[in-house]
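Tertiary structure, described
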Amino acid sequence: MTVRTNVRRWIIGGVVTAVALSAIAGTFVLSVRDSTRFDDRAYPGSSLTWTPEETFTRFAVTLPECTDGRLRYWVGDGRLYLKISATAECVSRFVEANRLNASPVSGPAPTAITEDEQAAELGWTFPADRSYTLHLRGEGRVQVQAWTDDAAEQSLYLYSWMQ
């Protein structure tokens, strides 16, 4: 065998390997393209298990049209973190659509969310000069806590978990 024959075999083998790896990678991308990894609303590190629609359905979250382009979320380990920044009217529509009941007490954001590790990793901040209202819903396996602030451009911070 000549050196040329060996080089030719290496080149052909390399091309065949590259084509095979590209096909495998393409198949993977097509299989997960509808997952949260390919949803620009998802925070980095969100689970690839469900599509965004499946995620919101599983956590019994309804998204009014006014939230389009105004929300971010993270899902994993049976938990959902969702933040909406929108007008007070849009936040109210979200609260109504999701049957969230306001607690009778408003005040600073409770430590349950301000000291939550995942919320901190997502960059959620709770300015002390704002007042927050806690909204709750507990039905079946899905529990929801959401905090709304009193700013002109309101923020809603939702934490939901499956029992």
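Below: a short report on this structure.

Cut-off values and rules
- Residues numbered from 1 in each chain as written.
- Predicted model: local features only at pLDDT ≥ 70, side-chain atom pairs only at ≥ 80, totals over all residues.
- Heavy atoms only, no water.
- Pairing = 2+ DSSP bridges.
- Helix = DSSP H or I, 4+ residues; strand = E, 2+ residues; numbered from the N terminus.
- Axes fitted to C-alpha atoms, helices over the stretch in contact; angles between N-to-C directions.
- Core = buried A, V, L, I, M, F, W, Y, C linked by side-chain atoms within 4.5 Å.
- Buried < 20%, exposed > 50% of the residue type's maximum accessible area, 1.4 Å probe, protein only.
- Contact = heavy atoms within 4.5 Å.
- Disulfide = S-S within 2.5 Å.
- Polar contact = N/O pair within 3.5 Å; in protein donor to acceptor, adjacent residues only side chain to side chain.
- Phe/Tyr/Trp six-rings, centres within 6.5 Å; stacked < 30°, edge-to-face > 60°.

Right, let's talk about the sheet that holds strand β4 (residues 132-139) for a bit. The sheet built from six strands is open, its strands ordered β1-β2-β6-β5-β4-β3 with antiparallel pairing. Single-partner strands in this sheet number two, and they are β1 (71-76) and β3 (101-107). Each strand of the sheet is rotated relative to its neighbour by a mean of 15°, with strand direction disregarded. Inspection of the sheet shows β1 paired to strand β2 (residues 79-87) by six bridges, in the antiparallel sense.

Our next topic: the nonpolar core. Nonpolar side chains tend toward joint burial in soluble globular proteins. Core analysis: the biggest nonpolar cluster contains 23 residues, and Tyr 73, Leu 82, Phe 94, Leu 156 and Leu 158 have the highest contact counts within it. Mapped by element, the contributors of at least two residues to this core are β1, β2, α3 (88-97), β5 (142-149) and β6 (153-162). For Phe 94, the residues in contact, after removing those within four places along its chain, are Val 61, Thr 62, Leu 63, Pro 64, Thr 67, Leu 82, Ile 84, Leu 100, Leu 156 and Leu 158.

Using the criterion set out here, one finds one disulfide in the structure. Linked covalently through their sulfurs, Cys 66 and Cys 90 form a disulfide whose S-S length is 2.2 Å. Its S-S torsion of about 90° marks the bond between Cys 66 and Cys 90 as right-handed, since a negative value means left-handed. A residue pair is termed long-range when its members are at least 10 positions apart, and Cys 66 in the loop between α2 (52-58) and β1 and Cys 90 in helix α3 qualify at 24 residues. Here Cys 66 matches Cys 90 in class, with each residue buried.

What follows covers the side chain of Thr 133. With respect to the element layout, Thr 133 can be found in strand β4. Only 2.9 Å separates the side chain of Thr 133 from the side chain of Ser 106, close enough to count as a polar contact.

Glancing now at the pairing of β5. Strand residues, when the strand is regular, have side chains that alternate between the two faces of the sheet. By the criterion of burial, β5 is predominantly enclosed, with seven of the eight residues buried. Taken together, the eight bridges between β4 and β5 define a ladder with antiparallel strand orientation. Each bridged residue has a counterpart across the sheet, and for Leu 136 the counterpart in β5 is Gln 145. Hairpin remark: β4 followed by β5, antiparallel, with two residues in the connecting loop; positive phi at Gly 140, about 55°. Pairing geometry for β5 and β6, over seven bridges, is antiparallel. Bridged to Gln 143 within β6 is Trp 161. Taking the residues between adjacent antiparallel strands as the criterion, β5 and β6 are bridged by three residues.

One pass over the full model with this rule turns up nine aromatic pairs. Ring plane angle 65° and centroid distance 5.8 Å describe the contact between Tyr 81 and Trp 124, whose orientation is recorded as edge-to-face. Of the two residues, Tyr 81 sits in strand β2 while Trp 124 sits in the loop between α5 (117-121) and β4, which places them 43 residues apart along the sequence. Summarising the burial analysis for this pair, Tyr 81 and Trp 124 share the class buried. Between Phe 126 and Tyr 157 the ring centres are 4.5 Å apart and the planes differ by 55°, which places this aromatic pair in the tilted class. With Phe 126 in the loop between α5 and β4 and Tyr 157 in strand β6, this residue pair connects regions lying 31 residues apart in the sequence. The exposure classification of Phe 126 matches that of Tyr 157, with both residues buried.

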